[in-house]
Amino acid sequence: MALVSMIIIIGILLILLALIFTFIPVGLWIAALAANVSIGIFTLIGMRLRRVVPKKVVDPLIKASKAGLKIGVDQLEAHYLAGGDVDRVVNALIAAQRADIDLSFERAAAIDLAGRDVLEAVQMKVNPKVIETPIIAAVAKDGIEVKVKARVTVRADINRLIGGAGEDTIIARVGEGIVTTVGSSVSHKDVLENPDSISQMVLNKGLDAGTAYEILSIDIADVDVGRNIGAQLQTAQAEADKRIAQARAEERRAMAVAKEQEMRASVEEMRAKVVESEAEVPKAMAQALREGKLGVMDYYNMNNILADTQMRDSISKLGRDSDKNNYK
């Protein structure tokens, strides 16, 4: 009976020890002591209570201590609770120290919390980065398109990382400078002969103002001739002028056709009036015969004259038709 009780007690003690070692990172505490990092066991327990993963604070603390950085555990824990990457900040501080770059923990933590990669910024401070722009098309004054591709060498400015513009702004400003420089050139040949003039003029504009980078150089990687924009614009203008002229000519033709139709209608109206007037002649003659103003012999003489006139007209038409046939 006593043996069973002893086994139960030993089991309970083992469970309690397992829970204690699970909650209290004794191994991490021993590792800190071995690295001469002063951190209390109750501090580690407090991290557990504050829902801080002790390993993500203690390991960077040990790394910083070995590198000779004076950083307190409270600073690292506060940065972790703020949502920052403690390990990346410590790595950036170590890299800055090795490169003799003045960077405080507060500055590095602020850069990290701002969403910037502080370690990459330190590395870019030591080793400048080359940004390659896309092909930028610009048109010189002679109307020839010039396609330019540039490489921009930049170095991170740690003091302007917070609130400074990124790579997209650098690319946009360089593109604007290239377009302005090419557009102010009298001829595209000037650009092809001296592409360095583009980089010099663009570099003198101070394009890195308000950005997180310092532009070291702008190198023209490729220059190519594109389309003849001026000729295309002139062709398009000529085509537009031609269409306008055609439209105006069509308008005049339509007006002429309308005027012709009006004249034909007017002619038909006049012919109708003539027919109407001719219809009144027999009526007038009958009225004259009834009233005795026109005799029978007068009427026959008039008919003879009309018949003679019609015969003469027929003979003249036959003569004209024979002349046309002989001409053919």
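Observations regarding the overall build of the protein
Along the backbone of the protein there are 13 helices and four strands. Here the protein holds 328 residues, and 27% of them are scored as buried. For the protein, contacts bridging at least 24 residues in sequence account for 68% of all contacts bridging at least 6. Carbon and sulfur atoms make up 57% of the accessible area of the protein, which totals about 21,400 Å².

Regarding the pattern of salt bridges
If you walk through the whole model with that rule in mind, you get 15 salt bridges. The partner of Arg155 in a salt bridge is Glu214, with the nearest N and O atoms 3.2 Å apart. Of this pair, Arg155 sits in strand 3 (residues 144-156) while Glu214 sits in strand 4 (residues 213-228), placing them 59 residues apart in sequence. Here Glu260 ties to Arg264 by a salt bridge, and the two come within 2.7 Å at their closest N and O atoms. A residue pair is termed a helical-turn pair when its members lie 3 or 4 positions apart in one helix, as Glu260 and Arg264 do in helix 12 (residues 229-291) at four residues. The exposure class of Arg264 is partly exposed, given its relative accessible area of 47%. Residues participating in the shared-partner salt-bridge network are Glu132, Lys149 and Arg151.

A few points about a nonpolar patch on the surface
Residues Leu289, Met297, Tyr299, Tyr300, Met302 and Leu306 make up a contiguous nonpolar surface patch of roughly 570 Å² in combined accessible area. The element contributing the most residues to the nonpolar patch is helix 13 (residues 296-327), with five residues. Within the fold, Met302 resides in helix 13.

Observations regarding unusual backbone geometry
A positive phi angle, near 60 degrees, is found at Asp100, a position not held by glycine. Here Asp100 lies in the loop between helix 6 (86-98) and helix 7 (105-113). Its relative accessible area of 71% is what places Asp100 among the exposed residues.

Here we look at the packing of helix 6 against helix 7
Helix-helix packing is described using two parameters, namely the angle between the two axes and the distance between the axes. Relative to each other, helix 6 and helix 7 sit at 130 degrees, their axes nearing to 10 Å. In terms of orientation, helix 6 and helix 7 fall into the oblique class. Here helix 6 and helix 7 pass one another in a crossing that is right-handed. Along the contact surface, helix 6 presents Arg88, Val89 and Leu93, while helix 7 presents Phe105, Ala108, Ala109 and Asp112. Class assignment of the residues belonging to the contact of helix 6 with helix 7 gives a composition of five nonpolar, no polar and two charged.

Topic: the environment of Pro128
Tracing the chain through its elements places Pro128 in the loop between helix 8 (118-126) and strand 1 (129-132). By relative accessible area, which is 29% here, Pro128 ends up partly exposed. Taking the C-alpha atoms as reference, Pro128 lies 7.4 Å from Ala156; in sequence the two are 28 residues apart. If sequence neighbours within four positions are ignored, Pro128 has contacts with Thr153, Val154, Arg155 and Leu216.

Some thoughts on helix 7
Along helix 7, the residues that are buried comprise Phe105, Ala108, Ala109, Ile111 and Asp112. Projected down its long axis, helix 7 carries its buried residues within an arc of 160 degrees, all on one side. Next to the buried residues of helix 7 lie helix 5 (73-81), helix 6 and helix 8. Positive phi shows up at Gly115, right after helix 7, with a value of about 95 degrees.

Digging into the packing of helix 4 (residues 55-66) against helix 5
At a minimum axis distance of 10 Å, the contact between helix 4 and helix 5 shows a crossing angle of 135 degrees. Classified by the interaxial angle, the pair formed by helix 4 and helix 5 is oblique. Helix 5 is crossed by helix 4, and the crossing has right-handed handedness. Residues Lys56, Val57, Pro60 and Leu61 of helix 4 form the contact with helix 5, whose own contacting residues are Val73, Leu76, Glu77 and Tyr80. For the contact of helix 4 with helix 5, the class distribution of residues is six nonpolar, no polar and two charged.

Cut-offs used in this document
- Residues numbered from 1 in each chain as written.
- Predicted model: local features only at pLDDT ≥ 70, side-chain atom pairs only at ≥ 80, totals over all residues.
- Heavy atoms only, no water.
- Helix = DSSP H or I, 4+ residues; strand = E, 2+ residues; numbered from the N terminus.
- Buried < 20%, exposed > 50% of the residue type's maximum accessible area, 1.4 Å probe, protein only.
- Contact = heavy atoms within 4.5 Å.
- Areas by Shrake-Rupley, 256 points an atom, 1.4 Å probe, with all protein chains shown as cover.
- Salt bridge = Lys/Arg side-chain N within 4 Å of Asp/Glu carboxyl O.
- Patch = residues over 30% accessible without salt bridge, like charges linked within 9 Å, V, L, I, M, F, W, Y side chains within 5 Å.
- Axes fitted to C-alpha atoms, helices over the stretch in contact; angles between N-to-C directions.
- Parallel < 35°, antiparallel > 145°, perpendicular 65-115°, else oblique.
- Left-handed = near helix turned anticlockwise from the far one by under 90°.
- Nonpolar A, V, L, I, M, F, W, Y, C, P; charged D, E, K, R; others polar.
- Arc of directions from axis to C-beta.

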